[in-house]
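Listed below are the residues making up each chain.
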Amino acid sequence: MTVMDWGVFAAYFAAVLGFAYWQSRKNVGVEGYFLANRRLPWGAIGLSVMATQASAITFIGTTGQAFDSGMEFIQVYLSQPLVMVLLCVLFVPFFYRARLYTAYEYLERRFDSRTRSLTAFLFLVSRGLAAGIVLYAPAIVLSVIMGWDERLTIVIMGVVTILYTTMGGITAVIWTDVVQMLMMFGGIGVALVILFTTLPSGVGVGDVVYIGGLQEMWSSVDLSWDPNNTYTIWSGMIGGFFLALAYFGTDQSQVQRYLTASSLKQSRLSLIFNAFVKVPMQFLILSIGVLLFVFYHFERPPLVFNAAEVAVVEQSARAPEYRRLDEEQRRVHALRREATLGLLDARHQGRDVETFHDRIETYDHELRDLRGQAKAIVAEVRGASSNDVNYVFPSYLIKYVPAGILGLMIAVIFAAAMSSLDSELTALSSATVIDFYRRLLHPGATDAHYLLISKLSTLLWGVFACGVALYAGQLGSLIEAVNQVGSLFYGSLLGVFLLGFMIRPANGAGAFWGLLAGMAVVFVVSVTTDISWLWYNVVGTTVVLAVGSGLSWATGGRRRDGGSTAEA
Amino acid sequence: MEREPDRDDAAHDDEAHDDARREDAAPDDVSHHGMTREDEDGGPIGIFPSWGWVYGSVIAYTLITVVVLYVLTVTLNYTAP
């Protein structure tokens, strides 16, 4: 990075800290710290909802995935607008009008204390560890690409985020999310422009679309029915619907956002904003990946993008085999480049393109095969599968993007990571203080006391996240296990909330045991079948609703006035 | 450490579950939770006549998006037949 890049980078950090301090002065008490005294406008909340969901890995991993597999990933997001409608109609009125601090508070009011405690505990465990991964994942990518010290990257990102989150609470988080999300929008636009400008002269938008189409890279809707495949329209519209509903409707890191609105209308508008903007944004991010695919028809890409993985292979007994594949890739890529330029020339002059077309398809298949073989070698040498999709976009940035712009794009990656981490820290802190400390450990204290504990809790969760990130490399399979556990209970958690909203006779016993039954069934399904993880959420929700309703009926329904009669 | 469900919880159950309905019946401009009529479901929402139109537009938008993406999938596929 040049001095100009570092300048852009430093300006970003200074602006975030200053802006957070300026905005946080309006907070009053614990309600101000966790809910911004319920006075924020829909635009800010809407951008914050979006920034919380879009982590750094969303930004760099999704582009890499599109580079490898095209636009199919967008199917996971297609149900989100419908989810926003259901949230506005069903979830938001309950949460907002009950004047809650956390989503889990609702479960105690509706069911019982243990259901609230269990769900809040599951949230703290999974989100606490996930906060560490939010820091670790981009840090490891940037350390490989930029040559930065991984620990230093984690500490810088972590300390700045902890500072403004602890200092300013949710107000600082949401307003910095606004800045960071606008930076991400800008980054997406800049990336698309830069990619077009780095293409050979004479290659226009139509050519890019055409070359992408030769390998079905624009294929974004798969109508086939295959529950084992994550990327079909049915998995996306049904499994993705339940996943998004669970995330936006029951995860405190999202619920907390729309509880900060100045009115129910503002709260709903923030979600409607997401309904309209999320899919186009994801389309543009994926388009960057397809553009990279086209770009690398003219420039030779690395065989494997993760330089650290390549370095390990170079030190192994498989190095000669890898080098042979690398040489072969160089040869085939040169042939494909020549054929691609020939194809475009013939296309522009109205000549027959079929010969070039067939040659390019053949070379594309050969290159994919060579990349597959190389990744298999990496997997064998490392003893773990290669994950180089996260390195595709950063590799491009470091090699082809001009000074100043590189600093901006790296700042965008930082912004994506920090805007997710800050939301998770405030959510973790609110669940810790409201769902456990104030309720169980120290009830009846002053607002000033809880405010102090809230800030301390945010600080400690930040330190915990940094600790997890710093040792994530050693945790290895534990992190994967945590992620898997997260996917096991998400759908079940949604089931409990739906039980509360929709099944009036449902009682505490039904909710608690239904939740445990849902998680158990999803676990069995995950180890005994090959269905896509997106469907776990459908299974979990269905089991909780069925078991919860049945058990509630069997145990006399919802109690009123100390009796055991079911509510009419 | 945790409280068992009791009569207060049952009262809370009703409060949480029925809040939405009570709000709609609030007689004054400001309800018992301090919200204004802006929160009520009636009235225009920006360019839309009501929330129903907003939700309908989102549903239509989703369907149109899926159709447009499907058309792009078919028309931008230049692989050999």
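Residues numbered from 1 in each chain as written. Chains lettered and ligands numbered in written order. Predicted model: local features only at pLDDT ≥ 70, side-chain atom pairs only at ≥ 80, totals over all residues.

1. Looking at the confidence of the model for chain A
Selection criterion: As a per-residue measure, pLDDT reflects the predictor's confidence and takes values from 0 up to 100. Residues are scored as being in contact if the C-beta atoms we place from backbone atoms lie within 7 Å.
Of all residues in chain A, 96% have pLDDT values of 70 or greater, and the mean over the chain is 89. Counting interchain partners and residues more than four positions distant, the pLDDT-below-50 stretch residues 561-568 of chain A has 17 contacts.

2. Some words on the nonpolar core
Where we set the bar: We call a set of buried Ala, Val, Leu, Ile, Met, Phe, Trp, Tyr and Cys residues a nonpolar core when their C-beta atoms link them within 7 Å. Put plainly, a residue is buried at 20 or more neighbouring C-beta atoms within 10 Å of its own, exposed at 12 or fewer, and partly exposed in between, counting only other residues' C-beta atoms, which are placed from the backbone. Numbering of helices and strands starts at the N terminus; helices are DSSP runs of H or I of at least 4 residues and strands are runs of E of at least 2.
Counting 198 residues, the largest nonpolar core has L135(A), L292(A), I413(A) and A417(A) as its most contacted members. It is helix α17 (residues 405-441) of chain A that provides the largest number of residues to this core, a total of 20 residues.

3. Regarding the packing of helix α12 (residues 264-295) of chain A against helix α2 (residues 51-75) of chain B
Worth spelling out the cut-off: Helix axes are fitted only over the stretch in contact, all axes being lines through C-alpha atoms; the angle between N-to-C directions runs from 0 to 180 degrees. Any angle from 65 to 115 degrees is called roughly perpendicular, while one under 35 is roughly parallel, one over 145 is roughly antiparallel, and all others are oblique. Should the near helix be turned counterclockwise from the far one by less than a right angle, the crossing is left-handed, whereas a clockwise turn marks it as right-handed. Nonpolar residues are Ala, Val, Leu, Ile, Met, Phe, Trp, Tyr, Cys and Pro. Charged residues are Asp, Glu, Lys and Arg, and all others, Gly as well, are polar.
Running from N to C, α12(A) and α2(B) cross one another at 10°; their axes reach a closest spacing of 10 Å. If you check the angle between α12(A) and α2(B), you find them roughly parallel. Taken as a pair, α12(A) and α2(B) cross one another with a handedness that is left-handed. Contacts from I272(A), A275(A), F276(A) and V279(A) of α12(A) reach α2(B) at V54(B), V58(B), Y61(B) and T65(B). Among the residues forming the contact of α12(A) with α2(B), the class breakdown is seven nonpolar, one polar and no charged.

4. Quick word on unusual backbone geometry
Residue and element names in this part refer to chain A. A positive phi is found at R38, a non-glycine position, where the angle reads about 50°. Take R38: there are 18 C-beta atoms within 10 Å of it, and that puts it in the partly exposed class. Here E216, not a glycine, exhibits a phi torsion of approximately 55°, which is positive. By secondary structure assignment, the location of E216 is in the loop between α9 (205-214) and α10 (233-250).

5. Regarding the environment of R268(A)
Residue and element names in this part refer to chain A. Looking at where R268 falls in the secondary structure, it is placed in helix α12. For R268, a count of 27 C-beta atoms within 10 Å translates into the label buried. Separated by 226 residues in sequence, R268 and W42 place their C-alpha atoms 7.8 Å apart. With residues near it in sequence (within four places) discarded, R268 still touches C88 and V92.

6. Comments concerning the environment of G514(A)
All names here are of chain A. For G514, the location among the structural elements is in helix α20 (residues 508-528). A sequence separation of 348 residues divides G514 from T166, and the C-alpha atoms of the two residues are 37 Å apart. The residues touching G514, leaving out its near neighbours within four places in the chain, are G495, V496, L499, V544, V547, G548 and L551.

7. Thoughts on the packing of helix α5 (residues 80-97) of chain A against α12(A)
Residues and elements named next belong to chain A. α12 packs onto α5 with a crossing angle of 165° between their chain directions and a minimal axis gap of 9 Å. Between α5 and α12, the angle falls in the class roughly antiparallel. Classified by chirality, the crossing of α12 by α5 is right-handed. Residues Q80, P81, M84, V85, L87, C88, V92, P93 and Y96 of α5 form the contact with α12, whose own contacting residues are L264, S267, R268, L271, I272, N274, A275, K278 and V279. Residue composition of the contact of α5 with α12, by class: 13 nonpolar, three polar and two charged.

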